[in-house]
Amino acid sequence: MANTDPNYPKLTAGEHARIALNVARMAKRSIAGDNVHQADLERNVDRILDGARKRAEREEKKRK
């Protein structure tokens, strides 16, 4: 299912894999309890998405 949000960048296979790994780690931590700190994993996913956005912008500039 494709994301229709225009701010959501198209991800490479590696980026998908890294995000999936972080989401799996978040799920594993959530099993430990509600008071488990997950901000580091959330920041990592945000960094991956930011990098994908920057890459998409660079590719868009090359096309013009």
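The structure we're discussing is the one just above.
It should be emphasised that the depicted structure is a prediction, and the values quoted were computed from it without experimental measurement. (Residues numbered from 1 in each chain as written. Predicted model: local features only at pLDDT ≥ 70, side-chain atom pairs only at ≥ 80, totals over all residues. Heavy atoms only, no water.)

What follows deals with the side chain of Asn22. Locating Asn22 in the fold gives a position in helix H1 (residues 13-32). Separated by 3.0 Å, the side chain of Asn22 and the backbone oxygen of Arg18 make a polar contact. Ignoring any residue separated from it by four or fewer positions in sequence, one finds Asn22 in contact with Leu41, Asn44, Val45 and Ile48. (Helix = DSSP H or I, 4+ residues; strand = E, 2+ residues; numbered from the N terminus. Polar contact = N/O pair within 3.5 Å; in protein donor to acceptor, adjacent residues only side chain to side chain. Contact = heavy atoms within 4.5 Å.)

A few words now on the environment of Glu60. On the secondary structure map, Glu60 appears in helix H2 (residues 39-63). Take Glu60: its relative accessible area is 36%, and that puts it in the partly exposed class. Separated by 50 residues in the primary sequence, Glu60 and Lys10 have C-alpha atoms spaced 12 Å apart. (Buried < 20%, exposed > 50% of the residue type's maximum accessible area, 1.4 Å probe, protein only.)

Here we come to H2. Spanning 25 residues, H2 covers 36 Å between terminal C-alpha atoms, matching the ideal 36 Å at 1.5 Å per step. Every buried residue of H2 is listed here: Leu41, Val45, Ile48, Leu49, Ala52 and Arg55. Check the buried side of H2 and you find it contacts H1. (Expected span 1.5 Å × (residues − 1).)

Turning next to the packing of H1 against H2. Packing of H1 against H2 leaves a shortest axis separation of 9 Å and a crossing angle of 165 degrees. In terms of orientation, H1 and H2 fall into the roughly antiparallel class. The two elements H1 and H2 cross, and the hand of that crossing is left-handed. The segment H1 lies against H2, with Glu15, Arg18, Ile19, Asn22, Arg25, Met26 and Arg29 engaging Asp40, Leu41, Glu42, Asn44, Val45, Ile48, Leu49, Ala52 and Arg55. When grouped by side-chain class, the residues that make up the contact of H1 with H2 number seven nonpolar, two polar and seven charged. (Axes fitted to C-alpha atoms, helices over the stretch in contact; angles between N-to-C directions. Parallel < 35°, antiparallel > 145°, perpendicular 65-115°, else oblique. Left-handed = near helix turned anticlockwise from the far one by under 90°. Nonpolar A, V, L, I, M, F, W, Y, C, P; charged D, E, K, R; others polar.)

Leu11, Ile19, Met26, Leu41, Val45, Ile48, Leu49 and Ala52 form the largest nonpolar core, which has eight residues in total. When contributions to this core are tallied by element, the ones reaching two or more residues are H1 and H2. When residues of this core are assigned to their parent elements, the largest contribution, five residues, is made by H2. When residues no more than four places from it in sequence are discounted, the contact partners of Leu41 are Asn22, Arg25, Met26 and Arg29. (Core = buried A, V, L, I, M, F, W, Y, C linked by side-chain atoms within 4.5 Å.)

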